[in-house]
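Tertiary structure, described
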Amino acid sequence: MEMESCLFILMFSSLLLFTTADSDVRLVNGNSPCEGRVEVRRDEQWGTVCDDDWDMTDSSVVCRQMFCGDAVAAPDDFRFGPGTGNIWMDDVSCQGSESTLKDCEHERQSDCSHIEDVGIICSGNRRTPIRLVQGTHLCSGRVEIQHGITWHTVCDADFDLQDAEVVCRQLGCGIPAKVLGGSAFGKGGYQMWTEEIQCTGNESNVYSCPKSSTKKQNCSHDSDTGLVCSGYTNSRLVDSPDSCSGRVELQYLTEWGTMCDASWDLRAANVLCQQLGCGSAVAVPGQAWFGEGSGPIWADVFECHGKETHLSQCAVSSWNRAVCSHGHDAGVICNGSSLSSLDGTVRLSGESGCEGQLEVQYQHTWSKVLLDSWSIREASVACRQLGCGSAVRIYSSSLSGTGDTDVCLTGYQCSGTESHLVNCNAPDTVNCSSSPYVSIVCSSESLRLVGDEGGCAGRLEVFHQGSWGTVCDDSWDLNDAQVVCRQLQCGTALRFTSFGPGNGSIWLGKVGCVGNESSLWDCPSAQWRQHDCGHEKDVGVVCSEFKDLRLADGCSGQLEVYYNDTWGNVCFNEMDKNIATLICQQLNCGTSGTVSSAGSRVKGAPNWLDSVKCRPHDSTLWQCPSSPWGHNTCGDNDVANITCESSDVRLVNGNSRCAGRVEILHQGQWGTVCSDDWDMTDAAVVCRQLGCGDAVDAPLNAHFGPGTGNIWKDDTLCGGTEPTLKDCASRRWGEHNCDHNEDAGAICSGCRSCVSAAGLRDPCEGAGRVCLWEGGIPNVDRGDSVYRERVKCLLLSEIIHKETELLTLDGMVRLSGEGGCEGQLEVDYQHTWSRVLLDPWSIREASVVCRQLGCGSAVRIYSSSLSGTGDTDVCLTGYQCSGTESHLVNCSAPHTLSCSSSPYVSIVCSKHRSLRLVGDEGGCAGRLEVFHQGSWGTVCDDSWDLNDAQVVCRQLQCGTALRFTSFGPGNGSIWLDEVGCVGNESSLWDCPSAQWGNHDCIHKEDVGVVCSEYKDLRLAEGCSGQLEVYYNDTWGNVCFNQMDTNTVSLICQQLNCGKNGTVSNTESRVKGAPNWLDIVKCRPHDSALWQCPSSPWGQNKCDDEDEVALITCERRHPRMHHMSNLEADGLQQKTTLGSTPISQIKKVEAAVGTGSPKLDS
């Protein structure tokens, strides 16, 4: 992992500011965290230091304070720029031994200006103590925290949105877009972080956040936390009468800019309106309708789906390289604005908002529009105004619509270039007659090219009757292709060809465009579905906006991009190591690279891109801002030349650089590795070292053919965390008992850019590459070697003339309910959303779906007959999961069959609330309650035993079961009875039981459970005495070491014993009682002992003789009923325990004997 760590450091070297946790000094505007302008904090404000009398001794104090090694230089060339605000220190004179800069002698008043601000360079290369790895870009991935020299992953149950806000801020990555559990970015190879992070969201770094020992001691790497941060941190609408309309301005990190209207649409506008609390978008006027802005013009293309609540949750697909000026600033009018009733506001009646009968608001009334005077020009304005692309089709309708009146509009006349209908001439009003009304189809999703992720090359598919289908190539020519490219805004048609057979319906045949039509729907063709074609004749199109990327010599050489049917150069101007690293990763050529300038290797080749500047959130070159296509100031020797890092390991003879025979470089010679003892753990180290993702197979016995030369390693034994294969244990170099027929191989999951939100990785190499499936779609598990052997990966540009089938990952899921965590199930399979038959579906498959959606565990499966929103009448059946998978694609593939009258699957997920223990605020002890049919109910104790309790504790991640008992009667329904777990089930829902609601119990039989992670706190004599904590079924001591008045005050308040207290040390009152906690240090923002930092449970330096904490609080008795009578009666008073503090129950159980030391109070 050292390589990944170094990559992380290098890629963040462009950040302008770095501070240590709780530090009062920082270095600003340097190229690394250990150089920059010196700034100090005073009175919560940052200011600079004057360079009068500054020398290397002063610099050394700052470097040491910043953990940045020794001072290297104190340059006086003004390279770190002037600061702003106060100049806090002048005439600094350090001796060199001071621990902080503020300890040095200095003048607090300064006669300097900011051109004298001091800067320094230190020798160190300090790491950020938190990182995101295995993500699609530097600001996404698995969360890992450094402690000492070890990186730890974080349990998803211990990490929430507030923690994510701090991590994103600390990394300079903006704000959180998604918090993902279930090892969405792969499983870590390190230890789990043992504390629960409890950030409020305002902290500057994670180490400033409160922490407490995690309750999730059995959390595994299956629950590693993932995080995606967004650089777009804020948004606003300006230059309008109100805040719900105006010019769109977005803040990227700290800089505000406008949006280019060519990159902005209705779906993004809807999300922005919702984010601003302004409802939904009613218009998306461009062309600086609200006036021209200033500053940067953002051209990111947001791929919103409409259900997002913040723009940061929308994927950024690319940077629009069309020429854009502030004359094309985008605007939005939300329905919460006074302008939403502006004359000329339009709406379309269809479900998507981009098709249907047209209605226009005119004189405060919604009216229909007569067809007679309406043309494609007016329709183009309406579609543009709605952010729905271009006008595809106008047709007549006689529907009544939802207009407010029988007055209709006619006479609109537009040039077709306006951004809003109000800019066209005003209409006339007439009584509605039997004349047809205007209906419009805009271009948002009526056709697509399947193959290129940019959507400008691939198999042509059209949307009709709720599903996608293909087009037959009979009579197809370049004129038809030209119309498709124009409609998709993909430039001009370069050629038509085959991209392999599709599936589903063949919707169109014998298309006959002239070539000047605005959409495919204006061209004559056979009737829908009238053809004599098979899918082998499905037509494909390549448009001029199709793009690709390569290095001339594979993983080194001139950087070249394919655009407008021509390979061209990328200019060196402003390109840095960060950009070279991103390109190397995108091409699967390692984890870092270097860049230099050179002359063009092809005379006359165009210079396509210049001024490329990639940001931390970009994962491909296409997302990076740059000049428009072909606009450059590139000289003859200014072409970018990139060399990706070399490695001492490689994969040879496979279909890509991420699969093949393992070869290792030693003493200047490449040799092979024997497959004796070779396994997935060894292969994982190779894949990680090469930047190729996770290992998916470790083939043995020269699977990729025998090598030649030396066999360098044999009996390799990797632990899984080694940074390189050379670090793994094995025989001595060159010592083996193998021949080359036993050479080891590795198959990796692919590049970082293929990581999806669910943590799945495409087996191919990355952007611009596709999987070619040989012999049809293999109906096998993704882990099966048959799957891997039937996949080949090629550049899309290399298969433009091939007939082959393209396939994307199946198994995306959605639930139809409003919250997204319940409702009828639909699965995306073979590019089609399909319903699933209830017949073979079980709680195991439902558990996978809920986990995949981040919706907790599966609570209930039920049947439904709703039609859903599936694209087809084909249903799925036959999924088989173990229940532990993170994505449905990891289960066996389904069968397809025609939907019948059989019921479909609907699911209710828990959002982590399918069962609970009521009583302990920590959730690890109490009356057991389960969630069913929208309400919480209890479980009867008939047949209940410790095996049942074990499953509950495991499901709640509360350790192991200690006992089951009563916590008093509950109320509401008694949902379960006669539960019969074996004890090894993953959830209570896997255990047999009586039917829901069937029982012969009353609430006094409600069962309760105590798990090992239950904790409690007491003072031995009520509000004074030895401090004791209950953990792992035993009362034990807390050590006196470093305990102060803040900690004592918190404990007294937690026990309702007043606000203050005193602490002293004493010997343990019970011989042999464990010392559970030591070095407890509560902070001002901690509200309970469990939030206070301390040593791990049971690890202490406490001397039983006299180092146990003894506390006396200001109040003599706690403000709550003391249950001494309950102690006398033991556990016979079951019916009163429901309102009894759990601490009292524990005292009772200790008194009657539980096998733990008796600490009498």
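These numbers were taken from a predicted model, which means no experiment stands behind them.

Criteria and cut-off values
- Residues numbered from 1 in each chain as written.
- Predicted model: local features only at pLDDT ≥ 70, side-chain atom pairs only at ≥ 80, totals over all residues.
- Heavy atoms only, no water.
- Helix = DSSP H or I, 4+ residues; strand = E, 2+ residues; numbered from the N terminus.
- Buried < 20%, exposed > 50% of the residue type's maximum accessible area, 1.4 Å probe, protein only.
- Contact = heavy atoms within 4.5 Å.
- Areas by Shrake-Rupley, 256 points an atom, 1.4 Å probe, with all protein chains shown as cover.
- Phe/Tyr/Trp six-rings, centres within 6.5 Å; stacked < 30°, edge-to-face > 60°.
- Lys NZ or Arg CZ within 6 Å of the ring centre and 35° of its normal.
- Disulfide = S-S within 2.5 Å.
- Core = buried A, V, L, I, M, F, W, Y, C linked by side-chain atoms within 4.5 Å.
- Salt bridge = Lys/Arg side-chain N within 4 Å of Asp/Glu carboxyl O.
- Patch = residues over 30% accessible without salt bridge, like charges linked within 9 Å, V, L, I, M, F, W, Y side chains within 5 Å.
- Lys, Arg positive; Asp, Glu negative; His and termini not counted.
- Charge placed at Lys NZ, Arg CZ, Asp CG, Glu CD.
- Polar contact = N/O pair within 3.5 Å; in protein donor to acceptor, adjacent residues only side chain to side chain.
- Pairing = 2+ DSSP bridges.
- pLDDT = per-residue confidence, 0-100.

1. Looking at the overall build of the chain
Broken down by element type, the chain carries 14 helices and 70 strands. For the chain, with 1161 residues in total, the buried portion stands at 55%. Long-range contacts, defined as pairs at least 24 residues apart, comprise 69% of the intrachain contacts of the chain with a sequence gap of at least 6. Within the structure as shown, the chain displays about 46800 Å² of accessible surface, and the carbon and sulfur contribution to it stands at 46%.

2. A short note on the packing of aromatic side chains
Under the defined criterion, the tally for this structure stands at 22 aromatic pairs. Aromatic side chains Tyr 563 and Trp 629 sit 3.9 Å apart centroid to centroid with 5 degrees between the ring planes, which places their arrangement in the stacked category. Of this pair, Tyr 563 sits in strand 39 (residues 556-563) while Trp 629 sits in the loop between strand 42 (607-609) and strand 43 (639-644), and the two are 66 residues apart along the sequence. Among the aromatic residues, those joined into a ring-pair cluster are Tyr 232, Tyr 252, Trp 264, Trp 298 and Phe 302. Against the face of Trp 256 rests Arg 236, its NZ or CZ located 3.7 Å from the ring centre. One cation-aromatic arrangement involves Arg 1018 over Trp 1035; the distance from NZ or CZ to the ring centre is 3.8 Å.

3. Details of the state of the cysteines
Per the stated rule, a full pass over the model turns up 32 disulfides. Disulfide pairing is shown between Cys 383 and Cys 442; the S-S distance is 2.0 Å. Every disulfide takes its handedness from the sign of the S-S torsion; for Cys 383 and Cys 442 that torsion is -85 degrees, giving left-handed. Of the two residues, Cys 383 sits in helix 5 (residues 376-385) while Cys 442 sits in strand 31 (residues 437-442), which places them 59 residues apart along the sequence. With respect to class, Cys 383 is no different from Cys 442; both count as buried.

4. Regarding the nonpolar core
Judged by nonpolar contacts, the single largest core of 54 residues is most densely connected at Leu 825, Trp 841, Leu 888, Ile 907, Leu 928, Trp 944 and Leu 988. Counting residues per element, this core draws most heavily on helix 10 (residues 843-852), at five residues. Core analysis: the second largest hydrophobic core is formed by 50 residues, Tyr 232, Cys 278, Ala 330 and Ala 391 among them.

5. Notes on the pattern of salt bridges
In the structure shown here, the tally under the stated rule is 27 salt bridges. The partner of Arg 26 in a salt bridge is Glu 39, and the shortest N-O contact between them spans 2.8 Å. Of this pair, Arg 26 sits in strand 2 (residues 25-28) while Glu 39 is found in strand 3 (residues 35-42), placing the two residues 13 residues apart along the sequence. In this pair, the class of Arg 26 matches that of Glu 39, namely buried. The salt bridge partner of Arg 731 is Asp 715, with a shortest N-O separation of 2.7 Å. Residue Arg 731 is found in the loop between strand 48 (711-713) and strand 49 (745-748), and its partner Asp 715 is found in the loop between strand 48 and strand 49; the two are separated by 16 residues along the sequence. One salt-bridge network, in which partners are shared between bridges, spans Arg 236, Asp 239, Arg 247 and Glu 249.

6. Focus: a negative patch on the surface
Taken together, the side chains of Asp 53, Asp 55, Asp 91, Glu 107 and Asp 111 define an acidic patch exposed on the protein surface. Here Asp 91 shows up in strand 6 (residues 87-93).

7. Comments concerning the environment of Leu 609
Assignment of secondary structure puts Leu 609 in strand 42. Separated by 41 residues in the primary sequence, Leu 609 and Gly 568 place their C-alpha atoms 8.5 Å from one another.

8. Some remarks on the side chain of Ser 59
Within the secondary structure, Ser 59 is located in helix 2 (residues 56-65). What Ser 59 contacts, discounting residues up to four positions off in sequence, is Trp 54, Ala 71, Ala 74 and Ile 120.

9. Overview of helix 8 (residues 680-689)
Most of helix 8 is tucked away: seven of the 10 residues are buried. Among the residues of helix 8, Asp 682, Ala 683, Val 685, Val 686, Cys 687, Arg 688 and Gln 689 are the ones counted as buried. Looking at where helix 8 begins, the residue whose side-chain oxygen comes 3.1 Å from the main-chain nitrogen of Thr 681 is Asp 679. Backbone geometry just downstream of helix 8 places Gly 691 in the positive-phi region, at approximately 70 degrees.

10. What about the pairing of strand 6?
Most of strand 6 is tucked away: five of the seven residues are buried. Here strand 4 (residues 45-49) runs beside strand 6; their pairing, made up of two bridges, is parallel. Looking at strand 6, one finds that Val 49 is bridged to Met 89.

11. Some words on the environment of Ile 1079
Topologically, Ile 1079 is positioned in the loop between strand 69 (1075-1077) and strand 70 (1108-1113). A relative accessible area of 34% means that Ile 1079 is categorised as partly exposed. Not counting residues within four places of it along the chain, the set of residues in contact with Ile 1079 comprises Asn 1041, Gln 1042, Pro 1093, Ser 1094 and Ser 1095.

12. So, the confidence of the model for the chain
Confidence in the prediction for the chain averages 77 pLDDT; 83% of positions are at 70 or higher. Per-residue pLDDT stays below 50 along residues 1119-1161; that stretch engages in 72 contacts with residues further than four places along the chain or on separate chains.

13. Quick look at unusual backbone geometry
Its identity is not glycine, yet Glu 44 carries a phi of approximately 65 degrees, on the positive side. Assignment of secondary structure puts Glu 44 in the loop between strand 3 and strand 4. For Glu 44, a relative accessible area of 70% translates into the label exposed. The residue Ile 1079 is not glycine, and still its phi comes out positive at about 50 degrees.

14. Some details on the environment of Cys 738
Mapping Cys 738 onto the fold places it in the loop between strand 48 and strand 49. Cys 738 gets classed as buried once you look at its relative accessible area, which sits at 11%. When the C-alpha atoms of Cys 738 and Asp 676 are compared, they prove to be 8.1 Å apart, with 62 residues separating the residues in sequence. Those residues in contact with Cys 738 that sit more than four places away from it in its chain are Cys 674, Asp 676, Ile 711 and Asp 714.

15. Looking at helix 11 (residues 946-955)
Looking at helix 11, one finds that the buried residues are Asp 948, Ala 949, Val 951, Val 952, Cys 953 and Gln 955. Buried residues in helix 11 make contact with strand 59 (915-919), strand 60 (925-932), strand 62 (961-965) and strand 64 (1008-1011). With a side-chain oxygen positioned 3.0 Å from the backbone nitrogen of Asn 947, the residue opening helix 11 is Asp 945. Once helix 11 finishes, Gln 957 follows within two positions and takes phi at roughly 55 degrees, a positive value.

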